[in-house]
Amino acid sequence: FEGMTVSELAKRTGESTVTLQDILVNVGEKAESEFEPLSIDVAELVAMEVGINARRIHSNEGAELLPRPPVVTVMGHVDHGKTSLLDALRQTSVAAKEAGGITQHLGAFVVDMSSGASITFLDTPGHAAFSAMRARGAAVTDIVVLVVAADDGVMRQTLEAMSHAKAANVPIVVAINKCDKPAANPDRVKIQLASEGLQLEEMGGDVQVVEVSAVQKTGLDNLEEALLLQAEMMNLKARIDGPAQAYVVEARLDKGRGPLATAIVKAGTLVCGQYVVIGSEWGRIRAIRDMIGKLAVQARPAMPVEIEGLKGLPMAGDDIIVVESEERAKMLSAGRKRKFEKDRLRKISEGIETLETCED
Ligand code: GTP
Ligand code: MG
């Protein structure tokens, strides 16, 4: 929408220029000539008011794209060891070791290896968060680690996780966990997975399988290597320069510091002091902290950070965009609030209609 005129926007949205100019005045903007280019914020707001879901996509054209670390989500059946595996992986992080551990709970952490490569793990509790984020258009995860207990084998939520990953078009790396148990039978798990349609590498496919034990901390290096190899094949790159495009992974309210959001930047660089709109909230970034709680000036792609300075509490999956001023941030946030409220009311009334049709 960058630089679009009212007349172009009218064509794109199918609304008349008069309607759009009315909206402009309503949101406190001047009714510019229809050939005057609008700022991206105003254009997005106007598009939103006429019901176009305007998620801005910053152009990467001409920008330098650099390799970025993969962002990984761990999924699997209840009790198969997701939390244990994340904890074990967390402890392998060099930075965490040096800092004497990751002190605060951030909802995401980075494992940085001695080779210089790193992997970002989302600490989300299973696929509920994954699907909630995907439903909101947040494509944060690059790779899913599917945890399957070597003794239990494939269970209902294993299959659910597989279908979630497939629907999101996210590749899977299998971690067969609890291999230390006497009842462990990794071969049986592989056969089960293959019969569910997973194309395992050792059977000629491209899905890597790693045998691990989260409790004994074995196989973790292999898992990390498998993830890096998968990432390499995906050729993950991001624009580093320019305004950040980021997502909220988790948000919470802190008594002293106010609303805090854990964010992962997808592209560009998020800088302290910037005005942001997050979902329908806004704020000015007062502090950026990394996963060990250290203050940072900026956040680059795939780096999980905690940001402070928001006026309200955002939700997991909300997008974060950078705007040029407080005025724009407020305007966009107010516009989005109105839009979300309208959507909510529409959903309710549609719900009532459906109920009525059902009664017929
Ligand atoms: P939910 O969050 O409830 O779905 O469970 P989870 O998948 O996070 O599993 P969690 O890490 O809580 O582990 C469940 C149980 O399995 C705990 O008692 C762990 O100690 C045990 N466990 C996890 N990994 C291993 C392992 O590698 N070997 C053995 N022997 N036990 C394990
Ligand atoms: Mg758990």
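The structure we're discussing is the one just above.
Residues numbered from 1 in each chain as written. Chains lettered and ligands numbered in written order. Predicted model: local features only at pLDDT ≥ 70, side-chain atom pairs only at ≥ 80, totals over all residues. Heavy atoms only, no water.

**Let's talk about the overall build of the protein chain**
- Along the backbone of the protein chain there are 10 helices and 17 strands.
- By the burial criterion, 50% of the 360 residues in the protein chain qualify as buried.
- Once local pairs closer than 6 in sequence are excluded, the contacts in the protein chain between residues at least 24 apart make up 71%.
- Summed over its atoms, the accessible surface of the protein chain is roughly 17,200 Å², and 51% of this surface lies on carbon and sulfur atoms. (Helix = DSSP H or I, 4+ residues; strand = E, 2+ residues; numbered from the N terminus. Buried < 20%, exposed > 50% of the residue type's maximum accessible area, 1.4 Å probe, protein only. Contact = heavy atoms within 4.5 Å. Areas by Shrake-Rupley, 256 points an atom, 1.4 Å probe, with all protein chains shown as cover.)

**Some thoughts on the site of ligand 1**
- For ligand 1, the set of nearby residues contains 15 residues, the closest of which are Lys82, Thr83, Ser84, Asp180 and Ala214.
- Here an oxygen atom of ligand 1 and a side-chain polar atom of Ser84 are 2.5 Å apart.
- At 2.8 Å, a backbone N or O of Ala214 approaches an oxygen atom of ligand 1.
- Protein contacts shield 67% of the accessible area of ligand 1, which totals 650 Å² for the unbound molecule.
- Within the shell around ligand 1, the residues separate by chemical class into 3 nonpolar, 7 polar and 5 charged. (Near = heavy atom within 4 Å. Polar contact = N/O pair within 3.5 Å; in protein donor to acceptor, adjacent residues only side chain to side chain. Nonpolar A, V, L, I, M, F, W, Y, C, P; charged D, E, K, R; others polar.)

**A short note on the sheet that holds strand β6 (residues 172-177)**
- As summarised here, the arrangement of the 6 strands in space is β3-β4-β2-β5-β6-β7, forming an open sheet in which the pairing is mixed. Two strands bound the open sheet, and with one partner strand each, they are β3 (108-112) and β7 (209-211). Across the sheet, the axes of successive neighbouring strands diverge by a mean angle of 30°, strand direction being ignored.
- Of the pairings in the sheet, the one linking strand β2 (residues 71-76) to strand β4 (residues 118-122) comprises 3 bridges and is parallel in character. Along β4, the bridge assignment pairs Val72 with Phe121.
- Sheet strands touched by helix α8 (residues 186-195): β5 (143-149), β6 and β7. Its angle to β6, the strand with the most contacts, is close to 150°. (Pairing = 2+ DSSP bridges. Axes fitted to C-alpha atoms, helices over the stretch in contact; angles between N-to-C directions.)

**Thoughts on unusual backbone geometry**
- A positive phi angle is found at Asp79, which is not glycine, with a value near 70°.
- For Asp79, the location among the structural elements is in the loop between β2 and α4 (82-91).
- Even without a glycine there, the phi angle at Lys217 is positive, about 60°.
- In this fold, Lys217 is placed in the loop between β7 and α9 (220-234).
- Lys217 gets classed as partly exposed once you look at its relative accessible area, which sits at 43%.

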